Amino acid sequence: MSDLPAPFVPATVDLRNFRFMPLDVLRLRDSELASITTGDQFKAAVMLWCAAWHQIPAGSVPNDERWLAQHSGAGTQWAEVRSEALRGFVQCSDGRLYHEVVCEKAMESWQYKLAQRARTQRATEARTQRNDQRNVETQRNVERNEANSQRNDQRDEKLSTTLRSPIELNGTELIGQKTYGNCAFQNCKAKGIKSRAT
């Protein structure tokens, strides 16, 4: 069994779309890294923090000397800055190097990312539900309008077959009645009848 500690963050922590890394200014200012290291060592350390921020899992770097030399910016001077550049990094059971403080900030950002993702998912589900309800109501309105249109067509058809002109209804021409304008019945050629009310 390995005596190395478990990784400081879950393997799924991915902050590659986080352009900014929180920096605890007071903590860094009062640290040994700031007070006892050279400028090159300090630069290499901070560059490795930045590299670790966008690794998966965030807060870690591979335990590979060439990779560390390149991403620290030290290049051929890596051996001279290595001890201080790796200050705070700990090798864990998965073989990677984890920086405790960077991992702490990574977990805070990861929790924020998960919370934001959950809020977005809830908002999307609510919007989808509203759209579905709106679509159902729209479909009901369409069906209701179609039913009303069908009923109107049936009523119009029924009226057109039952309504006749006064001549057709009586079976004879109306004699001795005063005419008044044209008959209101469709296709009726007879003159309208002046009723007593008029």
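Because the structure is predicted, anything quoted here is derived from the model rather than measured.

Caption draft 1: Representation of the environment of Ser 60 within the structure. Tracing the backbone through its elements, the reader meets Ser 60 in strand 1 (residues 60-61). For Ser 60, a relative accessible area of 0% puts it in the buried group. The spatial distance from the C-alpha of Ser 60 to the C-alpha of Ala 106 is 10.0 Å, given a sequence separation of 46 residues. Ser 60 has contacts with Ala 52, Gln 55, Arg 96, Leu 97 and Tyr 98, leaving out every residue within four places of it along the chain.

Caption draft 2: The packing of aromatic side chains, seen in detail. All chains considered together, the criterion is met by 1 aromatic pair. Ring centres 5.9 Å apart and planes at 55° place the aromatic pair Phe 8 and Tyr 98 in the tilted group. With Phe 8 in the segment before helix 1 (25-29) and Tyr 98 in strand 3 (residues 97-99), this residue pair connects regions lying 90 residues apart in the sequence. What makes Phe 8 partly exposed here is its relative accessible area of 32%. Judged by its relative accessible area of 0%, Tyr 98 is buried.

Caption draft 3: Quick look at the pattern of salt bridges. For the coordinates displayed, the defined rule picks out 6 salt bridges. Across the salt bridge formed by Arg 87 and Glu 32, the nearest N and O atoms sit 2.8 Å from each other. Taken as a pair, Arg 87 in the loop between helix 5 (78-85) and strand 2 (89-91) and Glu 32 in helix 2 (residues 32-36) lie far apart in primary sequence, 55 residues in all. Judged by relative accessible area, Arg 87 falls into the partly exposed class, the value being 28%. Here Arg 87 makes a salt bridge to Glu 84, at a shortest N to O gap of 2.7 Å. Beyond isolated ion pairs, a larger network of salt bridges with shared partners links Glu 32, Glu 84 and Arg 87.

Calculation rules
Residue positions are given per chain, counted from 1 along the sequence in the order it is written. The predicted nature of this model means local features are confined to residues of pLDDT at least 70 and side-chain atom pairs, given and counted, to a pLDDT of 80 or more, with totals for whole chains, interfaces and linings taken over all residues. Values reported for side chains reflect all heavy atoms of the structure, with hydrogen atoms and water molecules removed beforehand. Comment: elements are numbered from the N terminus, with helices defined as DSSP H or I runs of at least four residues and strands as E runs of at least two. Buried residues are those whose accessible area, probed at 1.4 Å on protein chains only, stays under 20% of the maximum for their type, while exposed residues exceed 50% and partly exposed ones sit between those limits. Should any heavy atoms of two residues lie within 4.5 Å, those residues are considered in contact. Between 30 and 60 degrees the pair is tilted, below 30 it is stacked and above 60 it is edge-to-face, where a pair is any two Phe, Tyr or Trp rings, Trp via its six-membered ring, whose centres lie within 6.5 Å. Salt bridges, as used here, are contacts in which a Lys or Arg side-chain nitrogen is within 4 Å of a carboxyl oxygen on Asp or Glu.

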